[in-house]
Each structure stands twice: as structure tokens, then as C-alpha cells.
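# Summary of structural features
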Amino acid sequence: MLLAPDTLRQSRRTWLQQAAGLSALSLTSHWARATASPSQAIILCYHRFADTVVDSMTVRKTTFTDHIKAITESGAHVIPLADLVAFRQGKLKQLPPRAVVITVDDGHRSVIEVMDPMVRQTRWPITLFIYPSAISNASYAMRWEHLQQLQATGQYNIQSHTYWHPNLVKERKQQSPADFERFARNQLKRSKAVLEQRMGKPVSYLAWPFGMFDEGLMEMAASEGYQASLALENKACTASDPMQALPRHLMVDALGGQRLRQLIDLAFSTGA
């Protein structure tokens, strides 16, 4: 099943208002309430890129240029998501200082048309979270050959965003327990299987659609072979965050380069 673009945009609207507000307008007060647990890494979550803001998830090219500059000048080290997971699993001794992970959800065409030319020279590792039903089907999405082209550069890692991006928490409320179990497991299994077949690489990580999850879904993801799952909580990743709900910062256009620099500085300051 392919989720219609209008339906997808409508279901995201309320969620984005809250998430974007925290990212762009409440940065200082949010970090003032941060726990004393030291930050291990910051995971950034982008969606799409364009010359102008066409929706709540679009980051303008000028803003993204400022983000690249902020990351570079902050002394941050962009690392693969796999390194953060390995560190959390005790397989990697340490992370570099100011570790930043870059992720991009959904597989929008602007990833290859706009973002890739802008980051190619940085050689930063980037994880793309894809829901396969849209690829080579939806007009806004990339094609399989685009994903293969990006993967071939060695800069991109293709991972799962479920099969067609449902709000699993909402679906649980609307279905019987048995029906939901079948539905959710199919979303996790089918996405993983299709991506592994198409890309020829293991799929070990999941991004929860809309950042929505619960305890049962976390257990299900682990049982289906996902080593880590990513959410959206607009905070840095610490040792207290569960492996199946690693927090990410939603990147919106209103969060400019100066704000991103502030976010990085505050996350890794003493006592943050």
C-alpha cells in the first residue's frame, strides 16, 4: 500500500507543529531542562531540500549551506550511525568528540537532486531511511536506481522506515491485537526484506514513522532483527536512551546555522 502524499502531509501536520516549534523556538529552554547525563552524539533528521520552503519539512538550500558551515566550524565529527550503535553495544571503545550523525527520512527526490551535490565534497556518512512502497512509484520519491547510485558512492547507508510509513501507534488503537501484530510485523519485515534484496546490503536500523513508538513496538523491532531504532525527541543521545528509541533532532528551515551551532555547543558543554 502506498500512502497518498496528501494523506501523509495531513497526518504529519500536528506532529510537525510541535516538533518544529521545539527545534526552532524552544532550544534554550529545552536544554535548560536537560538531564545531567552526558551527550554521546547528536542525531540530525532531515526530510527534503529546495530553493524555497514548500512545506514544513523543507530545508532551503541556503539554510542547509549554513548547517554545513555550522557543523564544520563547531568542531563536530560526523560519524556513521553504525559507529554510534557499535559504541552503544560495547563494540567500539569510544566516539570522537562532538559526534554528529546525519539522517534523512522518506527518500524524497531532493536528496539526490539537491542535497547530494551539496555534501559530496564533505564525504560525511549519511543514513537514508526509506519506505520502499514510494520508491519508483510516488512522483516525489527517488527511484531504485537513484538509491543504488547514492549507495555506490560509499557515502550513504540505506535503512528502513517501515514499508509504507504508517503511524503504528495509531494503528494499534484501531486494530485488534492479532490484526495489529500481523500488520506491524509485516511493515517491519517487508521493508527490511525489500531493501536488502534491492540494495544488496544488510538492513539493521529503523526510523519510526512520525517518530511514534511504544514499548511493544520497540520489542517487536528488536525481535525482527533491528539493532537500533530512531525516534524524534529533539535531544541529544545519551546512555539512558534505549536502543530502540534513539532520539533525533528534527531539522526545519527555521532552525538556522546559528541555532544549530548553539545546539551542538550546548549538547557537548560540561554538564549538558
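One can find the structure itself at the top, above this paragraph.
Here we summarise the structure given alongside this text. Keep in mind that what you see is a predicted model, and the values were worked out from it rather than measured. (Residues numbered from 1 in each chain as written. Predicted model: local features only at pLDDT ≥ 70, side-chain atom pairs only at ≥ 80, totals over all residues. Heavy atoms only, no water.)

## Here's the deal with the packing of helix H3 (residues 61–73) against helix H5 (residues 110–119)
When two helices pack together, you describe them by how their axes are tilted relative to each other and by the distance separating the axes. Operational definition: Note on geometry: axes are lines fitted to C-alpha atoms, helical ones only across the stretch in contact, with angles between N-to-C directions running from 0 to 180 degrees. Counting from the N terminus, the helices are the DSSP runs of H or I reaching at least four residues and the strands are the DSSP runs of E reaching at least two. Note that the term roughly parallel is reserved for angles under 35 degrees, roughly antiparallel for angles over 145, roughly perpendicular for angles of 65 to 115, and oblique for everything else. Here a crossing is called left-handed whenever its near helix is offset anticlockwise from the far helix by less than a right angle, and right-handed whenever the offset is clockwise. The contact criterion used throughout is that any non-hydrogen atoms of two residues lie within 4.5 Å. Think of it as three bins: nonpolar holds Ala, Val, Leu, Ile, Met, Phe, Trp, Tyr, Cys and Pro, charged holds Asp, Glu, Lys and Arg, and polar takes everything else, Gly as well.
At a minimum axis distance of 11 Å, the contact between H3 and H5 shows a crossing angle of 30°. When the axis of H3 is compared with that of H5, the two are roughly parallel. For the pair H3 and H5, the crossing hand works out as right-handed. Each of Lys61, Phe64, Thr65 and Ile68 in H3 lies in contact with H5, whose residues at this interface are Val114, Met115, Met118 and Val119. Broken down by class, the residue content of the contact of H3 with H5 amounts to six nonpolar, one polar and one charged.

## Regarding unusual backbone geometry
Glycine aside, the phi torsion of most residues is negative, and most peptide linkages are trans. Counted only if it meets this: Summary of the burial criterion: residues with accessible area below 20% of their type's maximum are buried, those above 50% are exposed, and those between are partly exposed, where the area comes from a 1.4 Å probe applied to protein chains only.
Phi angles above zero are rare outside glycine, and Thr162 is one such case at about 70°. Note on placement: Thr162 falls in the loop between strand S7 (156–160) and helix H7 (168–174). Overall, the relative accessible area of 0% leaves Thr162 in the buried class.

## A short note on the packing of H3 against helix H10 (residues 257–267)
Where H3 contacts H10, the two axes come as close as 8 Å, and the packing angle between them is 30°. As far as their axial angle goes, H10 and H3 are roughly parallel. Remark: the crossing between H3 and H10 carries right-handed chirality. Judged by residue contacts, Asp66, His67, Ala70, Ile71 and Glu73 of H3 engage Gly257, Leu260, Arg261 and Ile264 from H10. Of the residues contributing to the contact of H3 with H10, the split by class is four nonpolar, two polar and three charged.

## Considering the environment of Arg172
Note the following rule: Contacts described as polar in this section are N or O atom pairs within 3.5 Å, which, within protein, must combine one atom able to donate a hydrogen with one able to accept it, while residues neighboring in sequence count only if both atoms come from side chains.
Mapped onto the secondary structure, Arg172 falls in helix H7. Excluding residues within four positions of it along the chain, Arg172 makes contact with Phe180, Asp214, Gly216 and Leu217. At 2.8 Å, the side chain of Arg172 forms a polar contact with the side chain of Asp214.

## A word on the environment of Met142
Structurally, Met142 is set in the loop between strand S6 (126–130) and helix H6 (144–152). Judged by relative accessible area, which is 0%, Met142 ranks as buried. In sequence terms Met142 and Ile112 are 30 residues apart; their C-alpha atoms lie 7.7 Å from each other. Those residues in contact with Met142 that sit more than four places away from it in its chain are Gly107, His108, Arg109, Val111, Ile112, Leu128, Ala134, Ile135, Ser136, Leu147 and Leu150.

## Side note on the nonpolar core
The nonpolar side chains of a soluble globular protein tend to be buried with one another. For the record, the criterion: Nonpolar cores are built from buried Ala, Val, Leu, Ile, Met, Phe, Trp, Tyr and Cys residues. Side-chain atoms within 4.5 Å join them into one set.
Counting residues in each nonpolar core, the largest one holds 65 residues, and the members touching the most others are Tyr46, Ile71, Met115, Leu128, Leu147 and Leu260. Per element, the largest residue contribution to this core is six residues, and it comes from helix H8 (residues 177–199). With sequence-adjacent residues up to four places away left out, Met115 is seen in contact with Phe49, Phe64, Val104, Ser110, Ile126 and Tyr156. Formed by 17 residues, the second largest nonpolar core is a distinct cluster that contains Leu81, Leu84, Val85 and Ala99.

## Let's talk about the packing of aromatic side chains
Our working rule: Note on ring pairs: Phe, Tyr and Trp rings are taken, using the six-membered ring of Trp, and paired if centres are within 6.5 Å. Classes follow the plane angle, with under 30 degrees stacked, over 60 edge-to-face and the rest tilted.
Overall, the coordinates contain five aromatic pairs when judged by the stated rule. Between Trp164 and Phe183 the ring centres are 5.8 Å apart and the planes differ by 70°, which places this aromatic pair in the edge-to-face class. Linking Trp164 in the loop between S7 and H7 with Phe183 in helix H8, this pair joins segments that are 19 residues apart in sequence. Taken as a pair, Trp164 and Phe183 share a single burial class, namely buried. Arranged with centres 6.4 Å apart and planes meeting at 25°, the rings of Trp208 and Phe213 form a pair that is stacked. The exposure class of Trp208 is buried, given its relative accessible area of 0%.

## Here we look at the side chain of Gln159
By secondary structure assignment, the location of Gln159 is in strand S7. When its relative accessible area of 1% is taken as the criterion, Gln159 is described as buried. At a separation of 3.5 Å, a polar atom in the side chain of Gln159 contacts the main-chain carbonyl oxygen of Pro202. From its side chain, Gln159 meets the backbone nitrogen of Ser204 in a polar contact 2.8 Å long.

## A few points about helix H4 (residues 81–88)
Those residues of H4 that fall on the buried side of the exposure criterion are Leu81, Leu84, Val85 and Ala86. If you follow the buried residues of H4, they end up packed against strand S1 (39–46), strand S5 (99–105), S6, strand S8 (205–207), strand S9 (228–230) and strand S10 (237–238).

## Focus on the pattern of salt bridges
Note the cut-off: Salt-bridge detection follows one rule: a side-chain nitrogen of Lys or Arg within 4 Å of a carboxyl oxygen of Asp or Glu.
Enumeration according to the criterion identifies 15 salt bridges in this entry. Residue Arg98 is joined to Asp265 by a salt bridge in which the shortest nitrogen-to-oxygen separation is 2.8 Å. Of this pair, Arg98 sits in the loop between H4 and S5 while Asp265 sits in helix H10, and the two are 167 residues apart along the sequence. As a salt-bridge pair, Arg248 and Asp105 come within 2.9 Å of each other at their nearest N and O atoms.

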